[in-house]
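The lines below spell out each chain.
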Amino acid sequence: MRSGSRSQRMALAAALLSSMPSLASAMTQCPQESSKSTAFWLLGWSVFALFFIAGVVLPLLIFRTTGNARPWPRWLLRIASIPAMLAMWMLGTGIFLGKFVLVC
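What counts as what
Residues numbered from 1 in each chain as written. Predicted model: local features only at pLDDT ≥ 70, side-chain atom pairs only at ≥ 80, totals over all residues. Heavy atoms only, no water. Helix = DSSP H or I, 4+ residues; strand = E, 2+ residues; numbered from the N terminus. Buried < 20%, exposed > 50% of the residue type's maximum accessible area, 1.4 Å probe, protein only. Contact = heavy atoms within 4.5 Å. Phe/Tyr/Trp six-rings, centres within 6.5 Å; stacked < 30°, edge-to-face > 60°. Expected span 1.5 Å × (residues − 1). Patch = residues over 30% accessible without salt bridge, like charges linked within 9 Å, V, L, I, M, F, W, Y side chains within 5 Å. Areas by Shrake-Rupley, 256 points an atom, 1.4 Å probe, with all protein chains shown as cover. Salt bridge = Lys/Arg side-chain N within 4 Å of Asp/Glu carboxyl O. pLDDT = per-residue confidence, 0-100.

**Observations regarding the overall build of the protein**
Working step 1: If you tally the helices and strands in the protein, you get four helices and zero strands.
Working step 2: Element order for the protein, N to C, with α for helix and β for strand: α-α-α-α.
Working step 3: Counting every position in the protein, which comprises 104 residues, the buried fraction comes to 12%.
Working step 4: Looking at the protein alone, contacts between residues at least 24 apart form 78% of all its contacts between residues at least 6 apart.

**Some thoughts on the packing of aromatic side chains**
Working step 1: Evaluated as defined, the whole model comprises seven aromatic pairs.
Working step 2: Ring plane angle 55 degrees and centroid distance 5.2 Å describe the contact between Phe40 and Phe100, whose orientation is recorded as tilted. Here the residue Phe40 occupies a position in helix H3 (residues 38–65), and Phe100 occupies one in helix H4 (residues 71–101), the gap between them amounting to 60 residues.
Working step 3: A relative accessible area of 25% places Phe40 in the partly exposed class.

**Remarks on H3**
Working step 1: Taking 1.5 Å of rise per residue, the 28 residues of H3 would be expected to cover 40 Å, and the 39 Å separating its terminal C-alpha atoms lies within 8% of that figure.
Working step 2: Along H3, the positions that sit buried rather than exposed are Gly44, Val47, Phe51, Gly55 and Pro59.
Working step 3: Packing partners of the buried residues in H3 comprise H4.

**What to know about the side chain of Arg74**
Working step 1: Locating Arg74 in the fold gives a position in helix H4.
Working step 2: On the basis of relative accessibility, which here comes to 17%, the residue Arg74 falls in the buried class.

**Remarks on a nonpolar patch on the surface**
Working step 1: Taken together, the side chains of Phe52, Ile53, Val56, Val57, Leu60 and Leu61 define a hydrophobic patch exposed on the protein surface, amounting to about 520 Å² of accessible area.
Working step 2: Here Ile53 is to be found in helix H3.

**A word on the confidence of the model for the protein**
Low pLDDT means the predicted atomic positions in that stretch should not be read closely.
Working step 1: The share of residues in the protein with pLDDT of 70 or more is 80%, and the mean pLDDT across the chain is 84.
Working step 2: Between the elements of the protein, mean pLDDT differs from a low of 62, seen in helix H2 (residues 20–26), to a high of 94, seen in H3.

**Brief notes about the environment of Ile62**
Working step 1: Structurally, Ile62 is set in helix H3.
Working step 2: Residue Ile62 is classed as partly exposed on the basis of its relative accessible area of 23%.
Working step 3: Placed twelve residues apart in sequence, Ile62 and Arg74 show a C-alpha to C-alpha distance of 8.7 Å.
Working step 4: Not counting residues up to four positions away in its chain, the partners in contact with Ile62 are Leu77, Arg78 and Ser81.

Rendered as C-alpha cells:
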C-alpha cells in the first residue's frame, strides 16, 4: 500500500512538471502588430447578438406553441425554456470570448 501511494505521488509530480511549459506559454502577450480588423469585430459582435436574440426568442416560441397543450406538458416545457435561454446566452458569450476577444 505504501509503494502505491509513492507511485501515485510520482505520477502527480510528473504530470504537474509536464504542464509547466503550457502554463508559461499561456502568460505570453500577443505581439503588438496583431490588431483585429473591423470585419473581425463585426463578425464577433454579430455572433454574440445572434445567440442573445436566439436566447430571447426561444422562450417566446415555446410559450406561443404550447398554448393549446395540456397543463403539465405545457408548464414543463415553459419552465425548461428558461434554462435553455440562459444556456444560449452562455454559449454565445463563450464563443465570443474564446474565438474573438481572447485570441491574438
